[in-house]
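Okay, here's what each chain looks like letter by letter:
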Amino acid sequence: MLYTKNINITDTSTATILEIPQGFVGHWNMLFISNLGGSTNDVTVFVDKDPDPDLYIFDGKNVSSKDYILFSQATVVLQPGDIIKASTGSAGNMEVIVTIDLVYALTAFTNFNGI
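This section reports on the structure supplied with the text.

Glancing now at the overall build of the chain. Along its length, the chain carries zero helices and nine strands. Overall, the chain shows an N-to-C arrangement of helices and strands of β-β-β-β-β-β-β-β-β. Each principal axis of the C-alpha distribution contributes one length, and for the chain these read about 55 × 25 × 20 Å. Counting only residues that meet the buried cut, the chain has 37% of its 115 residues in that class. Of all intrachain contacts in the chain linking residues separated by at least 6 positions in sequence, the fraction that spans at least 24 positions is 78%. Each charge sign in the chain was given a centre, from 5 positive and 12 negative side chains, and these centres are 5 Å apart.

See the structure below:
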């Protein structure tokens, strides 16, 4: 099932966009970031993969005022418990939208001999 979630970031705290629920795998296929503010700001978007190292999609990417970034030419596979998070370098008005395809997770991968 396709699912879209958006947040509006107005300060520098790290915001949670969504967490992949248990029993599902998320195929993340679209990220849209729009700087609605009046000045250039930078954005960081990453997947919190506790306890594994985080997966950074953008790390301090500059976005000019009234400009946007569209990331849709790849699919990132997210596992249950993975959390998509975002933050900005300064207070402003940044809209972050993600679309994922949630699919039921298999109990074992047959192509990996049950590992």
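The next thing to look at is the side chain of Ser87. With respect to the helices, strands and loops of the structure, Ser87 is situated in strand S8 (residues 83-88). When residues no more than four places from it in sequence are discounted, the contact partners of Ser87 are Ile9, Thr12, Ser13, Thr14, Asp42, Val43 and Thr44.

Moving on, we get to the nonpolar core. One finds Trp28, Leu31, Ile33, Val45, Ile84 and Val96 to be the most contacted residues of the largest nonpolar core, which totals 24 residues. Taken together, the elements giving at least two residues each to this core come down to strand S1 (2-9), strand S2 (15-19), strand S3 (24-35), strand S4 (41-48), strand S5 (55-63), strand S7 (76-78), S8 and strand S9 (94-104). The leading source of residues in this core is S9, at five residues. Discounting chain neighbours no more than four positions away, the residues touching Ile84 are Ala15, Thr16, Ile17, Leu18, Trp28, Val45, Phe46, Val47, Leu78 and Val98.

Here the focus is the side chain of Thr88. Mapping Thr88 onto the fold places it in strand S8. A residue is classified by how much of its surface remains accessible, and Thr88, at 7% relative accessible area, is buried. Within the local environment of Thr88, its side chain forms a polar contact with the backbone oxygen of Asp11, the two atoms lying 3.0 Å apart. In terms of polar contacts, Thr88 uses its side chain to reach the backbone carbonyl oxygen of Ser90, at 3.1 Å. Those residues within four positions of Thr88 in sequence are excluded, and the remaining contacts are Ile9, Asp11, Thr12, Asn41, Asp42, Val43 and Met94.

Conventions used here
- Residues numbered from 1 in each chain as written.
- Predicted model: local features only at pLDDT ≥ 70, side-chain atom pairs only at ≥ 80, totals over all residues.
- Heavy atoms only, no water.
- Helix = DSSP H or I, 4+ residues; strand = E, 2+ residues; numbered from the N terminus.
- Buried < 20%, exposed > 50% of the residue type's maximum accessible area, 1.4 Å probe, protein only.
- Contact = heavy atoms within 4.5 Å.
- Lys, Arg positive; Asp, Glu negative; His and termini not counted.
- Charge placed at Lys NZ, Arg CZ, Asp CG, Glu CD.
- Core = buried A, V, L, I, M, F, W, Y, C linked by side-chain atoms within 4.5 Å.
- Polar contact = N/O pair within 3.5 Å; in protein donor to acceptor, adjacent residues only side chain to side chain.

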